[in-house]
Amino acid sequence: MKKPAFIICMLLLVLTASCGSESAKKEWNEEATATTKKTETQKVDYPNGEGEESIPCFWGEYMAASQNGYYYWSFDGSNQLRFFDREGEVSVPVCNKAECEHNTEDCNAYYPKILLDTKENDTYASPILQFYEGSIYTIGCDSQKNICLYQISADGSERKKVVNLYRVDFLGDTWESPTVWLHKGYVYYVDVRERKQKLAKKKLKSNAEEEIVFQTENDRSEIYRIKSYDNSIYFQVAEYTEDETKGNLYCYDTQKEHTDIIKEKVIAPYGVIGKKVYYASTTGNYCYDIESKKEIMFSEKSSSDYPDELETFGEYIYIVSDDKKLNIYDTSGEIVYQGMPDKQVNRYYFGDDKRIFANVMNEEGNPSLMYLSLDQIDVKQISWKEVDQM
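Residues numbered from 1 in each chain as written. Predicted model: local features only at pLDDT ≥ 70, side-chain atom pairs only at ≥ 80, totals over all residues. Heavy atoms only, no water.

For the protein chain, mean pLDDT is 80; residues scoring 70 or higher make up 80% of the total. Model confidence for the protein chain, summarised as mean pLDDT per element, is weakest for helix H1 (residues 22–38) at 39 and strongest for strand E14 (residues 211–215) at 97. Within the model, pLDDT remains below 50 along residues 1–59, and this stretch shows 185 contacts once partners closer than five positions in the same chain are excluded. (pLDDT = per-residue confidence, 0-100. Helix = DSSP H or I, 4+ residues; strand = E, 2+ residues; numbered from the N terminus. Contact = heavy atoms within 4.5 Å.)

Pasting the structure below:
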């Protein structure tokens, strides 16, 4: 099944530099300001499960935020898991071996990628990562060809299989990782091989029974971009025909165990702040009020034929234009940052509302990592820095 390029977007985001009409801008400012005053920021999942506001658990590609830093897969092809420390601002391999030089497969930070032949040992589906309740989680395949959720200790000393998701027989040379999300003791997942896809969940324990959350009716459909806000799981469903691609944004209430359509015709990236959905489309970037059912366009899209990539975190909306420029908006619709690294950007990786990372090409022509600290975004003193690796 051929999928449009804009559906295979990173967990990273983008906001366009240009704005809508003056009247729409005025309406945006008034509505956003009123909502911010009367609505608290939504509750989120916290990695260490301590019940205090901290870092949301978002599945990302290559990167996952914890309270102390950021875990990410290296970009040099070494299949190494690394950790960027918030305080020291240095990157180290996730390995606790005292004498390890971190350059062989015996290193605890090494994770063999999934291959399409039979292996005796477990292999792992980089780039999937999530930090949840004090541990790192990723997707892998065991020797029996079960696609599984794996748990890795924060220091890299232990790794174990938590739950089998489904069994797969590799055919040909194609591998697609399932769409996965952890939330309040469950793993939500989609087997992307199925033509009639379903969103299922299992408890985080061995031999857990599968529960169906949502089932598509069209045999040419796709469930993607699963996220959690408060006690809700948001996801998108696209249906493909010969003439067009149609899609909607859904919400599953984990307490009522009920699914509703939140907004029709939302196919491209989205994010949620309070009771507002921010989403990209081929005609622009929009803000939709879930309660009033009203929407406004808060910025025009960039010149690409595809929608912009968009994400929300904390009180900010993020977007990347065609020229790789990163634009950050606040909930009043004002641009609080616009810029990019001084090197060629391959792609951005979203850490959290404190830092954003960029995979860039350095002077030697090799991929390297840079970051932008958002702590001083209000005083306009933020700048890109290179990650120091040890």
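What follows is about the pairing of strand E11 (residues 179–183). The buried fraction of E11 is high, at 4 of 5 residues. When E11 meets strand E12 (residues 186–190), the two strands line up antiparallel, connected through 5 bridges. Paired with Leu-182 across the two strands is Val-187, which belongs to E12. (Buried < 20%, exposed > 50% of the residue type's maximum accessible area, 1.4 Å probe, protein only. Pairing = 2+ DSSP bridges.)

Here we take up the layout of surface pockets. Gaps left between atoms show up when a probe the size of a water molecule is rolled over them. A volume near 490 Å³ is recorded for the second largest pocket. Those elements that place two or more of their residues in the lining of the second largest pocket are E14, strand E16 (232–240), strand E17 (245–253) and strand E20 (276–281). Among the residues forming the lining of the second largest pocket, the class breakdown is 9 nonpolar, 8 polar and 5 charged. (1 Å grid on protein atoms, 1.4 Å probe; cavity = no way out; pocket = protein on both sides within 12 Å on 5 of 7 lines; lining within 4 Å. Points joined across faces, edges and corners; volume = space filled by probe spheres on them. Nonpolar A, V, L, I, M, F, W, Y, C, P; charged D, E, K, R; others polar.)

What follows covers unusual backbone geometry. Its identity as a non-glycine residue notwithstanding, Lys-145 has a phi of 65°, on the positive side. Structurally, Lys-145 can be placed in the loop between strand E8 (135–141) and strand E9 (146–153). Given a relative accessible area of 22%, Lys-145 falls into the partly exposed group. Not every positive phi belongs to a glycine, and Lys-324 is a case in point at roughly 70°. Relative to the helices and strands, Lys-324 resides in the loop between strand E24 (316–320) and strand E25 (326–330).

Attention now goes to the packing of aromatic side chains. Per the counting criterion, the structure on display carries 24 aromatic pairs. For the ring pair Tyr-318 and Phe-350, a centre distance of 4.9 Å and an interplane angle of 70° mean the geometry is edge-to-face. You can see Tyr-318 sitting in strand E24 and its partner Phe-350 sitting in strand E27 (residues 344–350), a full 32 residues away along the chain. Accessibility assignment for this pair places Tyr-318 and Phe-350 in one class, buried. Here the aromatic cluster, defined as three or more aromatic residues joined through ring pairs, consists of Tyr-70, Phe-84, Phe-357 and Tyr-371. The ring of Tyr-111 carries Arg-159 above its face, with NZ or CZ at 3.7 Å from the centroid. For Lys-201, the ring lying beneath its charged end belongs to Tyr-186, and the centroid distance is 4.5 Å. (Phe/Tyr/Trp six-rings, centres within 6.5 Å; stacked < 30°, edge-to-face > 60°. Lys NZ or Arg CZ within 6 Å of the ring centre and 35° of its normal.)

Right, let's talk about the sheet that holds strand E28 (residues 355–361) for a bit. One open sheet accounts for 4 strands, arranged E27-E28-E29-E30; its pairing is antiparallel. The sheet is open, and its two borders are formed by E27 and strand E30 (384–386), each paired with just one other strand. For this sheet the average axis-to-axis angle between neighbouring strands, irrespective of direction, equals 30°. As paired strands, E27 and E28 are joined by 6 bridges and run antiparallel to one another. Its bridge partner being in E28, Arg-347 is matched across the sheet by Asn-359. (Axes fitted to C-alpha atoms, helices over the stretch in contact; angles between N-to-C directions.)

Before going further, it helps to examine the sheet that holds E25. If you trace the 4 strands from one edge of the open sheet to the other, you get E23-E24-E25-E26, paired in antiparallel fashion. Lying at the two open borders of the sheet, with one neighbouring strand each, are strand E23 (309–313) and strand E26 (335–339). Adjacent strand axes in the sheet meet at a mean angle of 15°, parallel and antiparallel pairs treated alike. Bridge count between E24 and E25: 5 bridges; the pairing is antiparallel. By the bridge assignment for E25, Ile-319 is matched with Asn-327.

Here we take up the state of the cysteines. As enumerated under the stated definition, the model contains 0 disulfides in all. Not part of a disulfide, Cys-107 finds its nearest cysteine sulfur in Cys-100, a span of 3.8 Å. You can call Cys-107 buried: its relative accessible area is 3%. Cys-148 provides the cysteine sulfur closest to Cys-141, a residue in no disulfide bond, and the two sulfurs are 7.0 Å apart. (Disulfide = S-S within 2.5 Å.)

Moving on: the side chain of Ser-373. Structurally, the position occupied by Ser-373 is in strand E29 (residues 367–373). You can call Ser-373 buried: its relative accessible area is 16%. Reaching out from Ser-373, the side chain makes a polar contact with the side chain of Arg-355 at a distance of 3.4 Å. If sequence neighbours within four positions are ignored, Ser-373 has contacts with Glu-89, Lys-354, Arg-355 and Ile-382. (Polar contact = N/O pair within 3.5 Å; in protein donor to acceptor, adjacent residues only side chain to side chain.)

Tracing the backbone through its elements, the reader meets Ser-368 in strand E29. Using a relative accessible area of 15% as the deciding quantity, one classes Ser-368 as buried. What Ser-368 contacts, discounting residues up to four positions off in sequence, is Ala-358, Asn-359, Val-360 and Asn-362.

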